[in-house]
Amino acid sequence: MKSQIINGKAKAAQMRLRAAEAATRLREDHGVICGLAVVLVGEDPASQVYVRNKSAQTREIGMNSFEHRLPADASEDELLELVATLNRDPAVDGILVQLPLPQHMNADRVVNAIAPHKDVDGFHISNVGLLGTGQRALVPCTPLGCMMMLREIHGDLSGLEAVVVGRSKIVGKPLAQLLMMANCTVTVAHSRTRDLPSVCRRADILIAAVGRAEIIRGDWVKPGASVIDVGINRVERDGQFRLVGDVNFNEAAAVAGAITPVPGGVGPMTIACLLVNTLTAAHRARNLPEPP
Ligand code: NDP
């Protein structure tokens, strides 16, 4: 069997085109230039790359990008003050504080200080609660991107068995909520799950959000299943560093119906969903109908 390789890069590019059109309409019809503020504390190299990519893509689609950098030894109060200023700023529709924060800061306190209607990461306790109770929320970007890919493959997800490996608050848990809302039968597995391979083998939709290189093997995959690999792991092979997912791609691709590669699968969708969330926030704040 030859599985369909899901091209997240191409799908994300289409989404950015649509987002650019929506940003143009917002500007031309309502005089609003949509703005995303990204806050980076410290010098973590991976975070710097993420922030640079987010800012560049925001500008590329004609939105304003406001980048704020604080030194690693900035106090939590300084960061909270910056967040409060951004909350009040009418030019800012979305606020993202890049995680992880330095040890001396309480990430929950900082995230919960963001105005919920500007919380484009969807991590604020209000958005978590709204999503958990099936109400309109700003939804975390990575799970949102996974759902878009799954809808493209399956259309209606009703009745499908979904197994999510990982229960983090940024990926596993919100994704499980979204799959439940889409009428899947959802199992959430984690580090204490017994016999993970046989749990995975039940899945019509198998999502890996673990952070362990290639932990999911080909014989854990049900023939024909859709496999979404969220993991990003940097490994050394033959003296070279490369990125691999949580799924052993070659093994799983021989069995799956559809599979996302790493890189080029879920990753690009995440930033595209951030742009979509910022546009959504800008429309909702002005009571405008949301772009399709
Ligand atoms: P976390 O470390 O927060 O969560 C990992 C989850 O995996 C936990 O629930 C943990 O279980 C579970 N787990 C760990 N080891 C095992 C195991 N051996 N068997 C079964 N379950 C296990 O990670 P994140 O959710 O933040 O990220 C997961 C991966 O996704 C990472 O590689 C990260 O880099 C990537 N990622 C990619 C994004 C993208 O845009 N593509 C965005 C965000 C993350 P327990 O709860 O019991 O500890």
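Residues numbered from 1 in each chain as written. Predicted model: local features only at pLDDT ≥ 70, side-chain atom pairs only at ≥ 80, totals over all residues.

Caption draft 1: How the structure looks around the site of the ligand. Near the ligand you find 26 residues, and of these Gly166, Ser168, Ser191, Gly211 and Thr270 are the closest. When residues in the shell around the ligand are grouped by element, the largest group, three residues, is from helix H10 (residues 266-285). Residue composition of the shell around the ligand, grouped by class: eleven nonpolar, twelve polar and three charged. (Near = placed C-beta within 6 Å. Helix = DSSP H or I, 4+ residues; strand = E, 2+ residues; numbered from the N terminus. Nonpolar A, V, L, I, M, F, W, Y, C, P; charged D, E, K, R; others polar.)

Caption draft 2: Representation of the packing of helix H6 (residues 141-154) against helix H7 (residues 172-181). H7 packs onto H6 with a crossing angle of 40° between their chain directions and a minimal axis gap of 8 Å. Crossing of H6 over H7 shows right-handed handedness. Counted together, Pro143, Cys146 and Met147 of H6 and Pro174, Leu175 and Leu178 of H7 form the full contact between these two elements. (Axes fitted to C-alpha atoms, helices over the stretch in contact; angles between N-to-C directions. Left-handed = near helix turned anticlockwise from the far one by under 90°. Contact = placed C-beta atoms within 7 Å.)

Caption draft 3: Just the UniProt feature "binding site: NADP(+)" (unreviewed entry) in the protein, in detail. Residues annotated by UniProt as "binding site: NADP(+)" (unreviewed entry) correspond here to Gly166, Arg167, Ser168 and Ile232. Along the chain, the position of Gly166 falls in the loop between strand E5 (161-165) and H7. As for its position among the elements, Ser168 is in the loop between E5 and H7. Aside from chain neighbours lying at most four places away, what touches Ser168 is Lys173 and Ala209. (UniProt positions renumbered as here; feature names shortened; annotations may be inferred.)

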